[in-house]
Amino acid sequence: MADTIKLSRRNFIIGTGAAGLTIGILASCSNNSEDSSEADQAANAEPNPEVNAWVHIAPDDTVTIRIARSEMGQGTLTGLAQLVADELDCDWDKVTTEYPTPGENLARDRVWRDFSTGGSRGIRGSVDYVREGGAVARAMLIQAAANQWEVPVGECSVEKGVITHGPSGNTLRYGEVAEAASALTPPTGVQVKDPSEWKIIGQPVKRLDTADKVTGAQKYGADLQMDGMLNAAIRQAPKRGGTLASFDAAAVMSMPGVRKVVQVDDTAVAVVAERWWQAKTALDALPVEWTDGEGADYSSAAFETELENALTADDASVANMSGEVDAAFANAARTVEATYRVPHQNHACMEPMNATAVWTEDKCEVWCPTQNGEAALGAASEAAGLPIEQCDVYKLLLGGGFGRRGMSDYVTQVVKIAKEMPGTPIKLLWSREEDMQHGFYHPTTRARCEGALDADGNLTAIKIRIAGQSILAGLMPQALQNGMDPFAFQGLLPSGLDERVEDQTLKYTFPALKFDHAMRNPPVRPGFWRGVNANQNAIYLECFMDELARAAGKDPLEFRLAYMGDAQELAAVLRAAAEKSGWGNDDGKSRGLCAFYSFGAYTAACAEVTVDDAGQLKIHRIVAATDPGYAVNPQQVDAQVAGSFVYGLSAALFEEITFENGEVQEKNFDTYNSMRLRDMPEVETIVMPSGGFWGGVGEPTIAVAAPAVLNAIYSATGKRIRNLPIKDQSLRDA
Amino acid sequence: MAELKVNGQTVSVDAEENTPLLWVLREHLGLTGAKYGCGIAQCGTCTIHIDGQPVRSCTYPVGALSGEEEITTIEGLSEDGSHPVQQAWVELDIPQCGYCQPGMIMAVAGLLNNTPDPTDEDIDAQVTNICRCGTLARVRKGIHLAKTKKA
């Protein structure tokens, strides 16, 4: 293989509505850096004029919509394409999509804006500019047709990609005018449609990326093959803060396929071999010594004690306080107190972390699944020691993300390994054991909740003290606000505190309240984990509301509604879920409710469970309602809402990461279980977009999963479960 | 050098005997439909068929095969994606990220080989694959739909 390799720079076509158009992503290699790749040549043979950054249209009318955000299963690829296609008025059956690269984005003054895909912002964060992109392209195409006919634009209309000149009846297809349109200056001030005019937005169209996912043809990062490629397996210091002391490469160099043993920074060692299984086998046999660092004696048990103490400590940041809290408690007819706890959790994406890189002295290219293409590019550039303009990242569909793939640690690693073997494509694939032990974990937190009730059972004040790790302190300390992590209060915040978290505010109106956070940061990397802090905050608030309602002798539905006066959307989803579930029915099932607002969306669930005499839980059905403002694709909203109960209830039932002597104890799915079909309830979703705002979809429903089930368990047993996961706990008192 | 029958073709592979079948399929034969998810037969993403029976290939050493077995991967389940399970999966738009789906589909196809009209209890007992995105609710519907379809 020559020293310089050019791997296909053509963007991967990642999904199509026109059957059979999806092409493989296997990069073609050329030994001559001046040659165009095969894919580039193919592109040149079939002109696909760029009308604007968002829209390319080929002579055969195939519309290629360019998608900046990452598809990881959440359907954003299809939803974003719907937004553009609706404004474009093209034929949906001719739509296909592709990713521009982060490098192109930088080179073009970030015309596609933000690549980062998290916080349930894929749709709502780009809805304005992608629709405008579609509308501008439409205007340019019509202008091109009008120019060709020499008629006023106002006499032209368009439907499904066919432009008609009204007076003459002449028609032109988009594919016939795309090239002329691409030469026009984009107009300004183009208006997007009123929701009443939508034809594709709001429709339950099929996903664009399904066909290859049912035949095995879909290539993920872990599946990449390139000519001359070698495979790397990695082992990282098992203890928190540990570093690599030594390794004996000679002991494994003669093992089958082994080509090189590479130190990666001071924390990891990788074996590079012809095949990954050979690399993994040699890595398992590699003698390695580690040096302990800060965190080597970290254990979950000791940290739990620290968190318990923090529940009453003086050092806490108050994010939300109003009313006369102390007076309410002093005058209370009755007070209620409860402490809850949520453990560390790992994302455990089905596709383990991986990336492929080729490094040469003047170029570095990376192929990887990432939720943040631009961050991956930055990481690649830094690790490569090359200017960012000489690097690029080619995104692949993700085999799960959930927040984990917003981090670029595996990109840095593969580039550092590839740098040791210039010109050779290196694919790094983590084992599941590495994935479990080196996550960016959902923090463990606990909360002490206190409520004051008057003689009529009305709530007069509520206090929640959260103790635990701050994700922002660990990942982006510059985002703290005077030492406070506002994001720790997801769903509990006052309006107006911080515009970055205005979509995470408390929707109840309480007479008096105080919510504060005592930050305690263990030597564990925290991460954004699908739903993030809303997940435990909903448990704290909504299980406690259930306890308050019971203590007040009131119906948990009516009790909640009494404090939702200013949030009719929240009341509406709660009522809808309760009603459809048959709240109050005496049918042998016990029910539990939860309603929560996060990521700009209103969600509620009613869980129906039974707990037998032996304490065996059966979750029969969940009815879930969501109001995300607008539902771009209702059947994909349904998929996300239903899927939220897999992720949320897997966590509630099974998931806990524990540390002993700095080391993760749960190293695979045998001890870090995930829900199977036998555990999965039927989920009935109610998608009820009320319009007028854009809320998230992928994450908000996670928050209501656990509280609804925990409250239903109480209904069934009279016993409160306040500690997750549920596994191994007796659901009935002995 | 071992001879295997994979998707109706006889192939020879040069792999250590203790190499898991999964990695022979993926790295020697380029059949990457079966995925690596855990390596300890827990998650089911690596599910393939041996003589029509679902097997977790990540812990199945290639040396344990005689060469007579008919090995079927997702790539060989049907020529054109028309297996009843694939039809049902497309009709209900089941895959999300899709990484677990080749294994899920093979597990379900194996279930239907053994139990053409499975009850929910049969499904619970025989399809134990993990899906982290959360397609499980649609997977159950998909199984009930697939059993009504013809190849």
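Cut-offs applied
Residues numbered from 1 in each chain as written. Chains lettered and ligands numbered in written order. Predicted model: local features only at pLDDT ≥ 70, side-chain atom pairs only at ≥ 80, totals over all residues. Domains from an automatic or database assignment. Contact = placed C-beta atoms within 7 Å. Helix = DSSP H or I, 4+ residues; strand = E, 2+ residues; numbered from the N terminus. Buried ≥ 20, exposed ≤ 12 C-beta atoms within 10 Å, placed from the backbone. Pairing = 2+ DSSP bridges. Nonpolar A, V, L, I, M, F, W, Y, C, P; charged D, E, K, R; others polar. Axes fitted to C-alpha atoms, helices over the stretch in contact; angles between N-to-C directions.

(A) Expanded view of the domain arrangement of chain B. Residues and elements named next belong to chain B. When its domains are assigned, chain B resolves into domain 1 (2-76) and domain 2 (84-146). Each of domain 1 and domain 2 was reduced to a C-alpha centroid, and the two centroids are 20 Å apart. The interface is formed by 15 residues belonging to domain 1 together with twelve residues belonging to domain 2. Of all the secondary structure elements, the ones that give two or more residues to the side of domain 1 that touches domain 2 are strand S3 (47-50) and strand S4 (53-56). Counting residues per element, the side of domain 1 that touches domain 2 draws most heavily on S3, at three residues.

(B) Up close: the domain arrangement of chain A. Residues and elements named next belong to chain A. We note that the domain assignment places domain 1 (6-213), domain 2 (221-294 + 353-429) and domain 3 (300-345 + 441-717) within chain A. Each of domain 1 and domain 3 has a C-alpha centre, and the two are 39 Å apart. In this assembly, 19 residues from domain 1 lie in contact with 19 residues from domain 3. When residues in the side of domain 1 that touches domain 3 are grouped by element, the largest group, four residues, is from helix H2 (residues 76-88).

(C) Region of the structure containing the pairing of strand S18 (residues 354-360) of chain A. Residue and element names in this part refer to chain A. In terms of residue burial, S18 counts as a mostly covered element, since six of its seven residues are buried. With four bridges connecting them, S18 and strand S21 (residues 426-429) associate as antiparallel partners. From the neighbouring strand, Asn354 faces S21, where its bridge partner is Leu429. With five bridges connecting them, S18 and strand S19 (residues 363-368) associate as antiparallel partners. Bridging from a neighbouring strand, Trp359 pairs with Cys364 of S19.

(D) Representation of the interface of chain A and chain B in the model. Listed as interface residues are 47 residues of chain A and, on the opposing side, 48 residues of chain B. At the level of elements, helix H6 (276-285), helix H16 (634-653) and strand S30 (682-687) of chain A are the ones that each hand at least two residues to the side of chain A that touches chain B. Classifying every residue of the side of chain A that touches chain B by side-chain character gives 21 nonpolar, 14 polar and twelve charged.

(E) Seen up close, the environment of Thr339 of chain A. Residue and element names in this part refer to chain A. Secondary-structure assignment places Thr339 in strand S17 (residues 334-342). With 125 residues separating them in the primary sequence, Thr339 and Ile464 have C-alpha atoms 9.5 Å apart. Setting aside residues no more than four positions away along its own chain, Thr339 makes contact with Leu311, Arg446, Ala447, Arg448 and Arg722.

(F) A look at the sheet that holds strand S22 (residues 445-453) of chain A. Residue and element names in this part refer to chain A. As summarised here, the arrangement of the five strands in space is S16-S24-S23-S22-S17, forming an open sheet in which the pairing is mixed. With partners counted over all chains shown, the strands left at the sheet margins are strand S16 (317-322) and S17, one partner each. The average undirected angle you get between the axes of adjacent strands in this sheet is 10°. For S16 and strand S24 (residues 513-519), the ladder comprises five bridges, and the chain directions are antiparallel.

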